[in-house]
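Chain by chain, the residues run as shown.
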Amino acid sequence: ILSTFISVAQKEISLVSWNIQDFGKSKSTETIAQIANILKTYDIVALQEVVSGYGGAQTVAKLADELNRKGAKWDYVISNPTKSPPYKTERYAYLWKPSKVMAIGRGNLVVELQSSVYREPFEMTFRVDGKIFKILNYHSRKYNDHPEEEIKLLIQYVVKQNTPTILVGDFNIT
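Anyway, here's the lowdown on the structure attached to this text.

Side note on the nonpolar core
Counting 27 residues, the largest nonpolar core has Ile44, Tyr94, Trp96, Phe126, Phe133 and Ile135 as its most contacted members. For this core, the elements supplying multiple residues, two or more each, are β2 (11-23), β3 (44-50), β5 (91-96), β6 (102-109), β7 (122-128), β8 (131-139) and α3 (147-160). With sequence-adjacent residues up to four places away left out, isoleucine 44 is seen in contact with Ile13, Ser14, Leu15, Val16, Leu95, Trp96, Val101, Phe126, Phe133 and Ile135. Membership of the second largest hydrophobic core comes to 20 residues, among which are Ile20, Tyr42, Val60 and Trp74.

Topic: the packing of aromatic side chains
Going through the model one piece at a time under the given rule, you end up with 6 aromatic pairs. Here tryptophan 96 and phenylalanine 126 contribute two aromatic rings whose centre-to-centre distance is 5.6 Å and whose plane-to-plane angle is 75 degrees, an arrangement assigned as edge-to-face. Placement of tryptophan 96 in strand β5 and of phenylalanine 126 in strand β7 is noted, with a sequence separation of 30 residues between them. With a relative accessible area of 2%, tryptophan 96 lands in the buried category. Between tyrosine 138 and phenylalanine 171 the ring centres are 6.5 Å apart and the planes differ by 45 degrees, which places this aromatic pair in the tilted class. One end of the pair, tyrosine 138, is in strand β8; the other, phenylalanine 171, is in the segment after β9 (165-170), with 33 residues separating them in the sequence. With a relative accessible area of 0%, tyrosine 138 lands in the buried category. An aromatic cluster of at least three residues, connected via ring pairs, comprises Tyr92, Tyr94, Trp96, Phe122, Phe126 and Phe133.

Side note on unusual backbone geometry
Generally, phi is negative for residues other than glycine and the peptide bonds are trans, each holding for most cases. Positioned with a positive phi, glutamate 49 is a non-glycine residue whose angle comes to about 65 degrees. Of the residues examined, glutamate 49 reaches a relative accessible area of 16% and is grouped as buried. Although it is not a glycine, aspartate 129 adopts a positive phi angle of roughly 45 degrees. Assignment of secondary structure puts aspartate 129 in the loop between β7 and β8.

Side note on the side chain of serine 79
Among the structural elements, serine 79 can be located in the loop between β4 (75-78) and β5. Among the polar contacts made by the side chain of serine 79, one reaches the main-chain amide nitrogen of tyrosine 92 at a distance of 2.9 Å. Once you skip the residues sitting within four places of it in the chain, serine 79 turns out to touch Arg91, Tyr92, Leu109 and Phe122.

Topic: the environment of lysine 134
On the secondary structure map, lysine 134 appears in strand β8. If we ignore the near neighbours within four places in the chain, the residues touching lysine 134 are Glu123, Met124, Thr125, Gln161, Thr163, Pro164, Thr165 and Ile166. Only 3.1 Å separates the side chain of lysine 134 from the side chain of glutamine 161, close enough to count as a polar contact.

Examining the sheet that holds β7
One open sheet holds the 4 strands; their spatial order is β6-β7-β8-β9, and the pairing between them is mixed. Both edges of this open sheet fall to β6 and β9, since each of them pairs with a single strand only. For this sheet, the mean inter-axis angle between neighbouring strands, taken without regard to orientation, is 20 degrees. Both β8 and β9 contribute to a ladder of 6 bridges, which runs parallel.

So, the pattern of salt bridges
Going through the model one piece at a time under the given rule, you end up with 8 salt bridges. For aspartate 129, the salt bridge goes to lysine 11, with nearest N and O atoms at 3.6 Å. A residue pair is termed long-range when its members are at least 10 positions apart, and aspartate 129 in the loop between β7 and β8 and lysine 11 in strand β2 qualify at 118 residues. If you follow the salt bridges from partner to partner, you end up with Asp65, Glu66, Arg69 and Lys70 in one network.

Things to note about the pairing of β2
Of the strand pairs in this sheet, β2 and β3 are connected by 6 bridges, and their pairing is parallel. For asparagine 19, the partnering residue across the bridge sits in β3 and is glutamine 48. In terms of handedness, the path from β2 via helix α1 (residues 29-39) over to β3 forms a crossover that is right-handed.

Procedures and definitions
Residues numbered from 1 in each chain as written. Predicted model: local features only at pLDDT ≥ 70, side-chain atom pairs only at ≥ 80, totals over all residues. Heavy atoms only, no water. Core = buried A, V, L, I, M, F, W, Y, C linked by side-chain atoms within 4.5 Å. Buried < 20%, exposed > 50% of the residue type's maximum accessible area, 1.4 Å probe, protein only. Helix = DSSP H or I, 4+ residues; strand = E, 2+ residues; numbered from the N terminus. Contact = heavy atoms within 4.5 Å. Phe/Tyr/Trp six-rings, centres within 6.5 Å; stacked < 30°, edge-to-face > 60°. Polar contact = N/O pair within 3.5 Å; in protein donor to acceptor, adjacent residues only side chain to side chain. Pairing = 2+ DSSP bridges. Axes fitted to C-alpha atoms, helices over the stretch in contact; angles between N-to-C directions. Salt bridge = Lys/Arg side-chain N within 4 Å of Asp/Glu carboxyl O. Right-handed = clockwise from strand over helix to strand, strands pointing away.

In structure tokens form, the structure reads like this:
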């Protein structure tokens, strides 16, 4: 888990990124409740490794429901499955508190990076008090498959953006 605070429009927003590992129907109700207890204090959550099948989306919905019972309203979005080599396909998810941050759109997988990386990142745009920023959520290839090559491309993509962009995820660097 990587968490940070960012300042947007003179407001502090908390952001956490978590490779939740095989997040799908294998997660019990008790495990989802434990995860919600960890995440409830954050304003934006970026998840990697959501199972690409039906169970992944359903489990994110269960997590959002559990978070809603913890004292704040939450919204969420789930990416389409990544266009990845066999056994590497997954989804990403964002969850956020609408009282703290407003989502603009429903996000998108970055198609222009699809042929260069194992799992294309999921980009989402948010607004806080009129200030717009993006979060690029990413899960790189395994450490022994040289993720540095992908990371360089991601950094180049972020630098080209006209909107302030935060790169989060699991970069698999030892």
